[in-house]
Amino acid sequence: MKTKNEYKSFNTDKSIKELKYNLLQQRETFGNLIIEQEFYKKLLNAPIYQSEKLNVFEKLEGFKNELKQTAETNKLLLNEIGVQLFQIDKKVECDDLFCDNFFIKEIDTLELKIHNFLIKITALKLQMIEYFQDVMIEN
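Below, the structure is looked at part by part. Each chain carries its own residue numbering, running from 1 in the written order of its sequence. For this predicted model, a pLDDT threshold of at least 70 governs which residues receive local features, and a threshold of 80 or more governs which side-chain atom pairs are given and counted, while totals over whole chains, interfaces and linings are taken from all residues. As a convention, hydrogens and water are excluded, and side-chain values are obtained from all of the structure's heavy atoms.

## Some points on helix H1 (residues 16-45)
Line of reasoning, step 1. Only DSSP runs of H or I with at least four residues qualify as helices, and only runs of E with at least two residues qualify as strands; both kinds are numbered from the N terminus onward. A helix's residues, less one, multiplied by 1.5 Å, set its expected span. Taking 1.5 Å of rise per residue, 30 residues should cover 44 Å, and H1 covers 44 Å from first to last C-alpha, within 8% of that figure.
Line of reasoning, step 2. When a residue's accessible area, from a 1.4 Å probe over protein chains only, is under 20% of the maximum for its type it is buried; when over 50% it is exposed; and in between it is partly exposed. Considered for burial, the residues of H1 that qualify are Leu19, Leu23, Gln26, Phe30, Leu33, Gln37, Tyr40, Leu43 and Leu44.

What follows is the structure, given as structure tokens:
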């Protein structure tokens, strides 16, 4: 039985420095994903596939569409991470409990989006790798 990877927040126990560090790590990850997505785009357009395999064109076009959607989501999440980093810098000036709770809820919402996106992008990459192994021309 496969365990489902569900999001769980531990942000209420973290310091501002920890939250900022996590966001900086996520920003780095999403920046690297942009480079990786560009590589996959080039790979999908390369003339290296066996033409006799069934539905090669359709499958590659499907991957291209999914990759385009994930690239757009990646950029949106990268922007949201930037906004949260900006808010962390401003949060240092705010010391009341309401401010803390609001801030942590915002971080939790973003982390849930990131969690779901990373599961989706990992599944897409695995699908593409398995497919490429099957249809690439071997020399």
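## Structural notes on the pattern of salt bridges
Line of reasoning, step 1. Salt bridge, as used here: a side-chain nitrogen of Lys or Arg that lies within 4 Å of a carboxyl oxygen of Asp or Glu. Tallying each qualifying case throughout the model produces four salt bridges.
Line of reasoning, step 2. Glutamate 36 is paired through a salt bridge with lysine 125; the nearest N and O atoms lie 2.8 Å apart. Note that glutamate 36 is positioned in helix H1 and lysine 125 in helix H3 (residues 97-135), a separation of 89 residues in sequence.
Line of reasoning, step 3. On the basis of relative accessibility, which here comes to 27%, the residue glutamate 36 falls in the partly exposed class.
Line of reasoning, step 4. With relative accessibility at 18%, the residue lysine 125 sits in the buried group.
Line of reasoning, step 5. Residues glutamate 38 and lysine 41 are paired through a salt bridge, measuring 2.9 Å at the closest nitrogen-oxygen approach. One end of the pair, glutamate 38, and the other, lysine 41, are both in helix H1, three residues apart, so they sit about a helical turn from each other.

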